[in-house]
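Residues per chain, in single letters:
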Amino acid sequence: TLFLDVVADASSAGDTLRVFDRPREPRLRFAFATGGMIKGQVVVDEANVLGGGKASIDAAALKLSGADVHVVTVQTFGSSPSFTDYMVGRVKQCSGWMNSGKSDFKSNLLLFAVSVSERKVYFTYGSSYKQYFDDGANQNAVRSAMGAQFKNQAWPEGFVNGMTTAQGVLLSLIHISE
């Protein structure tokens, strides 16, 4: 499998991280709108819970240089069997978040999402990050960082905490391996 996904109950600024050694095209493009996911859209706030917090999410996303970072809020995942099934289906509808001509997520994808009504958190990543998040503990750390804020309906802060935690995981493991 070239991606992993994790769902859980939704019950610091640092150095800029450069994940890739070779130059890449800019991955973060800003096109804010509610409604369907579009290529290059960093924040999709379908649940309308982020308000003015999008700027803080953008700042956190920029620190994950080299990553294709996206944040999604939905009010509900409806009749889908799980939030995972719902989000995988949604991501597959967005060609910009998939490997070109393939059925797997982009290798540098980092996706943070919440279903407000069901209080579910979704975090997935492409194959470039498998070595950093496959241990379970780091996945749980990201989910917990988001969920702690989501419990208080602090939606932007939850996403910022999740991204900051992911950045910390990546930075600590990169420094250890050097």
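Residues numbered from 1 in each chain as written. Predicted model: local features only at pLDDT ≥ 70, side-chain atom pairs only at ≥ 80, totals over all residues. Heavy atoms only, no water.

## Overview of the overall build of the chain
Here is the rule: In this text, helices come from DSSP runs of H or I with a minimum length of four residues, and strands from runs of E with a minimum of two, each type numbered from the N-terminal end. In this scheme, a residue with accessible area under 20% of its type's maximum is buried, one over 50% is exposed, and one in between is partly exposed, where area comes from a 1.4 Å probe on protein chains only. Using a 1.4 Å probe, accessible areas were evaluated by the Shrake-Rupley method; residue-level cover was limited to the displayed protein chains.
For the chain, the count of helices and strands is five helices and five strands. Each helix and strand of the chain, ordered N terminal to C terminal, gives the series β-β-α-β-α-β-β-α-α-α. When the 178 residues of the chain are sorted by exposure, 51% land in the buried category. Working note: accessible area of the chain is about 8,100 Å², and carbon and sulfur atoms make up 48% of it.

## A word on the environment of Glu46
Rules: In protein, a polar contact requires one atom able to donate a hydrogen and another able to accept it; more generally it is a pair of N or O atoms within 3.5 Å, and residues adjacent in sequence count only if both atoms are side-chain atoms.
Here Glu46 is to be found in the loop between strand 2 (43-45) and helix 1 (54-62). In this structure the C-alpha to C-alpha distance between Glu46 and Val72, which are 26 residues apart in sequence, comes to 7.4 Å. For Glu46, the side chain forms a polar contact with the side chain of Arg90, separated by 2.5 Å.

## Observations concerning helix 2 (residues 83-92)
By the criterion of burial, helix 2 is predominantly enclosed, with seven of the 10 residues buried. Inspection of helix 2 places Phe83, Thr84, Tyr86, Met87, Val88, Arg90 and Val91 among the buried residues, and these make up the whole buried set.

## Some points on the pairing of strand 5 (residues 120-126)
Our working definition: Think of it this way: DSSP has to see at least two bridges between two strands before they count as a pair.
Most of strand 5 sits out of view: six of its seven residues are buried. Bridge count for strand 4 (residues 109-115) against strand 5 is six bridges, and the pairing is antiparallel. In the strand pairing of strand 5, Ser115 is matched with Lys120. Where strand 4 folds back onto strand 5 in an antiparallel hairpin, the turn is made up of four residues, including Arg119, whose phi is positive at roughly 55°.

## Concerning the packing of aromatic side chains
The criterion, for reference: Centres within 6.5 Å are what make two rings of Phe, Tyr or Trp a pair, Trp counting through its six-membered ring; a difference in plane orientation under 30 degrees is then read as stacked, over 60 as edge-to-face, and the rest as tilted.
Summed over all chains, the structure comprises nine aromatic pairs. Summarising the aromatic geometry, the rings of Tyr125 and Phe133 are spaced 5.1 Å apart at their centres and angled 40° between planes, so their arrangement reads as tilted. Neither residue differs from the other here; Tyr125 and Phe133 are each classed as buried. Three or more aromatic residues link up through ring pairs in this structure, and these residues are Phe77, Phe83, Tyr86 and Tyr122.

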